[in-house]
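Reading the structure
One letter stands for each residue in the lines below.
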Amino acid sequence: MSFDPSPLGKFPAVRMRRTRQHAWSRRLVAETRLSASDLIWPAFVMEGNATTEPIASLPGVERLSVDRLLAKVGEAIELGIPAIAIFPVTPADKKTPLAEESANPDNLINRATRAVKAEFGDAFGVICDVALDPYTSHGHDGLLVDGVIVNDDTLNVLCQQAIVQAEAGCDIIAPSDMMDGRIGRIRAALDAAGFEQVQLLAYAAKYASAFYGPFRDAVGSAKNLGQGDKRTYQMDPANSDEALREVALDLAEGADMVMVKPGLPYLDIVRRVKETFGAPTLAYQVSGEYAMLCAAAEHGWLSREAAMLESLLAFKRAGADGVLSYFALEAARLLPKD
Ligand code: PBG
């Protein structure tokens, strides 16, 4: 059989497969690279000593007492991971309607931050969420008055929370609460307290997502929230232009970095945010995304390692500068440092 529609040469002249033939030339033309430097490790810290607890809906992830956390931070630094995002598992008896524990200088997250900073200093970045859900008896990120999450009163509490976290040595304050105006208020509060070098990572486009379920199990807020949802403050998954307005506001109010969350189902948002603003843009591969991949791998339906690395690379290709992922340590073991 012969087929030669081209008088100029063999058909087709352009063969996209040529550069794909060899591993070396695939490497040469790769547009995106993933390394340990791209990864942020989200970790759950609990009370106690020499204690770890598995989390059923996050296989392979454990709640760690502070001493256990320190050991693992040492490993993360060795692997080239630049930073950790610490989430506290607040004991149920410390959760109150007004989230007073959030402003306690000696609460769990602040003790964990102090311990990490005391042991590792500037070798490792510490990121702390600012939001009230680990501390409220109703499980919401803000104060609940007559069934409504009140914005402006919540801001006062968030500012106190940010200050005690900065005092503990937190490098990056990451408001994840989605109250209006919080970046500006927290920036001003930090500056007034002498923390003008503390960075702000805004969870700018954070959606009211079904993919946070395992996280709420991990920090024990699922029971508190019950049938409640966060749709009056987190974004509607239907919206994309609105994400750009959220990001624009947070950058104008002083955010150093912005985040899109969840991750893989929202890569279109990552791409638009990066292209529109060119600001440091992170994405969060959230608990439900991690759990899905783990579940499929456990059934033998996916290769865990290949799916993990491909999913992380996809964030970079979409334009993310970094990824928060529960795979961080596991992936870093397979990746170059830079
Ligand atoms: C708290 C917070 C949540 C996550 C990060 N910070 C949960 C929520 O908003 O309900 C979710 C992270 C994950 O699912 O991995 N505001």
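Throughout what follows, the structure given in this document is the object of discussion. Given the structure is predicted, the values throughout are model-derived calculations rather than measurements.

Our next topic: the site of the ligand. Taken together, 18 residues lie near the ligand, and K206, K230, K261, S287 and Y326 sit nearest. In this structure, a nitrogen atom belonging to the ligand sits 2.9 Å away from a side-chain N or O atom of D129. Taking K230, its side chain carries an N or O atom lying 2.7 Å from an oxygen atom of the ligand. Notes on the ligand: free accessible area 400 Å², of which the protein chains cover 99%. The class makeup of the residues in the shell around the ligand is eight nonpolar, three polar and seven charged.

Helices that pack against each other are described as a pair by the angle of their axes relative to one another and the distance between those axes. For the pair helix α10 (residues 287-298) and helix α11 (residues 304-318), interaxial distance at closest approach is 9 Å and the crossing angle is 155 degrees. When the interaxial angle is binned, α10 and α11 end up roughly antiparallel. Crossing of α10 over α11 shows right-handed handedness. Contacts between α10 and α11 involve E289, Y290, L293, C294 and A297 from the former and R304, A307, S311 and F315 from the latter. Within the contact of α10 with α11, the residues separate by chemical class into six nonpolar, one polar and two charged.

With respect to the element layout, G220 can be found in the loop between α6 (213-219) and α7 (222-225). The exposure class of G220 is buried, given its relative accessible area of 16%. Separated by 41 residues in the primary sequence, G220 and K261 have C-alpha atoms spaced 20 Å apart.

On to the packing of aromatic side chains, then. Under the criterion given, the structure shown has nine aromatic pairs. On the basis of an interplanar angle of 90 degrees and a centroid distance of 5.0 Å, the ring pair of F87 and F215 is categorised as edge-to-face. Of the two residues, F87 sits in strand β4 (residues 83-88) while F215 sits in helix α6, which places them 128 residues apart along the sequence. The class of F87 is buried, set by a relative accessible area of 3%. Exposure remark for F215: the relative accessible area of 14% places this residue in the buried category. Their ring planes at 45 degrees and their centres at 6.3 Å tell us that Y203 and Y284 sit as a pair that is tilted. Of this pair, Y203 sits in strand β9 (residues 199-206) while Y284 sits in strand β11 (residues 281-285), and the two are 81 residues apart along the sequence. Note on accessibility: Y203 and Y284 belong to one class, buried. Note that K206 overlies the ring of Y203, its terminal NZ or CZ placed 5.3 Å from the centroid. Sitting over the ring of Y212, K261 keeps its end group 4.5 Å from the ring centre.

Among the structural elements, N107 can be located in the loop between β4 and α3 (108-120). For N107, the side chain forms a polar contact with the main-chain oxygen of S102, separated by 3.5 Å. If we ignore the near neighbours within four places in the chain, the residues touching N107 are E101, S102 and Y135.

Quick look at the nonpolar core now. The biggest cluster of nonpolar side chains holds 108 residues, and the ones touching the most others in it are W41, F44, L69 and L190. Discounting chain neighbours no more than four positions away, the residues touching L190 are A162, I163, A166, I173, F195, E196, V198 and L200.

A few words on a positive patch on the surface. The grouping of K10, R15, R17, R18 and R20 at the surface amounts to a positive patch. When you line up the elements, R20 lands in the segment before α1 (23-29).

Further remarks concern the pattern of salt bridges. Throughout the structure, instances matching the rule amount to 17 salt bridges. In this structure, E47 engages R111 in a salt bridge whose closest nitrogen and oxygen atoms are separated by 2.8 Å. With a gap of 64 residues between them, E47 in the loop between β1 (39-46) and β2 (52-54) and R111 in helix α3 connect regions that are remote in the sequence. A relative accessible area of 29% means that E47 is categorised as partly exposed. Between K274 and D321 there is a salt bridge, with its nearest N and O atoms 2.8 Å apart.

The buried fraction of β11 is high, at five of five residues. Where burial is concerned, the two faces of β11 agree: the one with T281, A283 and Q285 and the one with L282 and Y284 are both buried. In this structure, strand β10 (residues 257-261) lies alongside β11, joined through three bridges in parallel fashion. The residue bridging V260 from the neighbouring strand is A283, located in β11. Of the crossover connections in this fold, the one passing from β10 over helix α9 (residues 267-277) to the parallel β11 is right-handed. Summarising the sheet, β11 and strand β12 (residues 322-325) pair through four bridges and their orientation is parallel. Paired with A283 across the two strands is V323, which belongs to β12.

Tracing the chain through its elements places V45 in strand β1. In this structure V45 comes out as buried when scored by relative accessible area, which is 0%. Ignoring anything within four residues of it in the chain, the contact list for V45 reads L64, S65, V66, L69, I86, F87, P88, V89, L108 and A112.

What counts as what
Residues numbered from 1 in each chain as written. Predicted model: local features only at pLDDT ≥ 70, side-chain atom pairs only at ≥ 80, totals over all residues. Heavy atoms only, no water. Near = heavy atom within 4 Å. Polar contact = N/O pair within 3.5 Å; in protein donor to acceptor, adjacent residues only side chain to side chain. Areas by Shrake-Rupley, 256 points an atom, 1.4 Å probe, with all protein chains shown as cover. Nonpolar A, V, L, I, M, F, W, Y, C, P; charged D, E, K, R; others polar. Axes fitted to C-alpha atoms, helices over the stretch in contact; angles between N-to-C directions. Helix = DSSP H or I, 4+ residues; strand = E, 2+ residues; numbered from the N terminus. Parallel < 35°, antiparallel > 145°, perpendicular 65-115°, else oblique. Left-handed = near helix turned anticlockwise from the far one by under 90°. Contact = heavy atoms within 4.5 Å. Buried < 20%, exposed > 50% of the residue type's maximum accessible area, 1.4 Å probe, protein only. Phe/Tyr/Trp six-rings, centres within 6.5 Å; stacked < 30°, edge-to-face > 60°. Lys NZ or Arg CZ within 6 Å of the ring centre and 35° of its normal. Core = buried A, V, L, I, M, F, W, Y, C linked by side-chain atoms within 4.5 Å. Patch = residues over 30% accessible without salt bridge, like charges linked within 9 Å, V, L, I, M, F, W, Y side chains within 5 Å. Salt bridge = Lys/Arg side-chain N within 4 Å of Asp/Glu carboxyl O. Lys, Arg positive; Asp, Glu negative; His and termini not counted. Charge placed at Lys NZ, Arg CZ, Asp CG, Glu CD. Pairing = 2+ DSSP bridges. Right-handed = clockwise from strand over helix to strand, strands pointing away.

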